[in-house]
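So you can see what is in the structure, the chains are spelled out below.
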Amino acid sequence: MRIDFARCSFGQEEKDAVNRVLQTNWLASGLENEAFEKEFAEYVGTNYSISVNSGSSANLLAISSLELNRADKVLTSACGFPATLGPILHLGLQPVLVDYDLSTHNIEIQQIIDNIPKVKAIIFAHTLGNPIDMTTILKVAEKYGVPINEDACEAVGTKINGRSVGSFGTLGTFSFYPAHQMTALGGGGMITTNDEKLMKRIKSLRDWE
């Protein structure tokens, strides 16, 4: 039996959606995109979602929206896809790298607890759709007032006790790269949040930076 790593699967509904966009003569973020953002926010369970061109850009804009100072420390996993670490370096922030749990390939929670007092933010991935124990992480993050960016780029559809990943943290980021669970014509990404100020800041960064 052959199992493909990734496969395009679309039908008439998807073709009709593309044609609706073409018929409007509006190829930037129009009504179809706004409807998608609304539906995605409802699906994940957040107040807002903001579409971007990729999951990598989603991580960059999410961290940028926190308006950290250069050289502020941001905690992340030492093992993972570069798009999680990349925004920290891109923005001139200082990464605090912690180990990962070999049994889950997710960030090691005890090391988050040990290092969180010295950082200004946290970003980590739900690796390959395998969710992290958010209850423990949220408890310690709230204690120290540290915002969390859940990198759910590989985890569209993953839930913890019926609640979608990307809705637990201050920010959630998703990727629609073809190898992931869903795509938007070969790319795309999304940022989710319940914070109206962050939503407006991210939209400004997306449209003007």
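Below is a short write-up of the structure. In this text, all values refer to a predicted model and were calculated from it rather than measured experimentally.

Parameters at a glance
Residues numbered from 1 in each chain as written. Predicted model: local features only at pLDDT ≥ 70, side-chain atom pairs only at ≥ 80, totals over all residues. Heavy atoms only, no water. Helix = DSSP H or I, 4+ residues; strand = E, 2+ residues; numbered from the N terminus. Buried < 20%, exposed > 50% of the residue type's maximum accessible area, 1.4 Å probe, protein only. Polar contact = N/O pair within 3.5 Å; in protein donor to acceptor, adjacent residues only side chain to side chain. Axes fitted to C-alpha atoms, helices over the stretch in contact; angles between N-to-C directions. Parallel < 35°, antiparallel > 145°, perpendicular 65-115°, else oblique. Left-handed = near helix turned anticlockwise from the far one by under 90°. Contact = heavy atoms within 4.5 Å. Nonpolar A, V, L, I, M, F, W, Y, C, P; charged D, E, K, R; others polar. Salt bridge = Lys/Arg side-chain N within 4 Å of Asp/Glu carboxyl O. Core = buried A, V, L, I, M, F, W, Y, C linked by side-chain atoms within 4.5 Å. Phe/Tyr/Trp six-rings, centres within 6.5 Å; stacked < 30°, edge-to-face > 60°. Lys NZ or Arg CZ within 6 Å of the ring centre and 35° of its normal.

## Some thoughts on the side chain of T158
Relative to the assigned elements, T158 resides in the loop between β7 (148-151) and β8 (159-160). For T158, a relative accessible area of 13% corresponds to the buried category. For T158, the side chain forms a polar contact with the main-chain oxygen of G129, separated by 2.9 Å.

## With respect to the packing of helix α3 (residues 55-65) against helix α4 (residues 82-90)
Relative orientation and spacing of two packed helices are given, respectively, by the angle between their axes and the distance between those axes. Contact geometry of α3 with α4 gives a least axis separation of 9 Å together with a crossing angle of 40°. Taken together, the axis directions place α3 and α4 in an arrangement best described as oblique. The way α3 lies across α4 gives a crossing that is right-handed. Contacts from S56, N59, L60 and I63 in α3 reach A83, T84, P87 and H90 in α4. Looking at the contact of α3 with α4, its residues break down into four nonpolar, four polar and no charged.

## So, the pattern of salt bridges
Taken as a whole, this structure holds five salt bridges when the rule is applied. E32 is paired through a salt bridge with R20; the nearest N and O atoms lie 2.7 Å apart. Pair noted here: E32 is in helix α2 (residues 31-44) and R20 is in helix α1 (residues 12-24), with a separation of twelve residues, a long-range link. The class of E32 is partly exposed, set by a relative accessible area of 32%. Residue E67 is joined to R201 by a salt bridge in which the shortest nitrogen-to-oxygen separation is 3.6 Å.

## Examining α3
Taken together, the buried positions of α3 are G55, A58, N59, L61, A62, I63 and S65. For α3, the N-terminal capping position is held by S54, with its side-chain oxygen 3.5 Å away from the main-chain nitrogen of S56.

## Comments concerning the nonpolar core
By size, the foremost hydrophobic cluster in this structure holds 28 residues, and its most contacted members are L75, I107, I116, V119, I122, F124 and F174. Put simply, the parts of the chain that give this core at least two residues each are α2, β3 (94-98), β6 (121-125) and α6 (134-144). With five residues, the single largest contributor to this core is α6. Non-local contacts of I122, meaning those with residues more than four positions away in its chain, are made with V74, L75, I112, I116, V146, P147, I148 and N149. Grouped together as the second largest cluster of nonpolar side chains are 18 residues, V74, M199, I202 and L205 included.

## Considerations on the packing of aromatic side chains
For any pair of aromatic rings, the description rests on two quantities: the centre-to-centre distance and the angle between the ring planes. Evaluated as defined, the whole model comprises five aromatic pairs. Centre to centre, the rings of F36 and F176 are 5.6 Å apart; their planes meet at 50°, and the pair counts as tilted. Taken together, the positions of F36 in helix α2 and F176 in the loop between β10 (171-175) and β11 (189-193) put the pair 140 residues apart, joining distant regions of the chain. The interplanar angle of 75° and the centroid separation of 5.7 Å between the aromatic rings of F40 and F176 together place this pair among those described as edge-to-face. On the criterion of sequence distance, the pair formed by F40 in helix α2 and F176 in the loop between β10 and β11 is long-range, its members being 136 residues apart. Of the two residues, F40 and F176, neither departs from the other in class, the shared state being buried. Taken together, F36, F40, Y43, F174 and F176 form an aromatic cluster joined through their ring pairs. For R163, the ring lying beneath its charged end belongs to F168, and the centroid distance is 4.1 Å.

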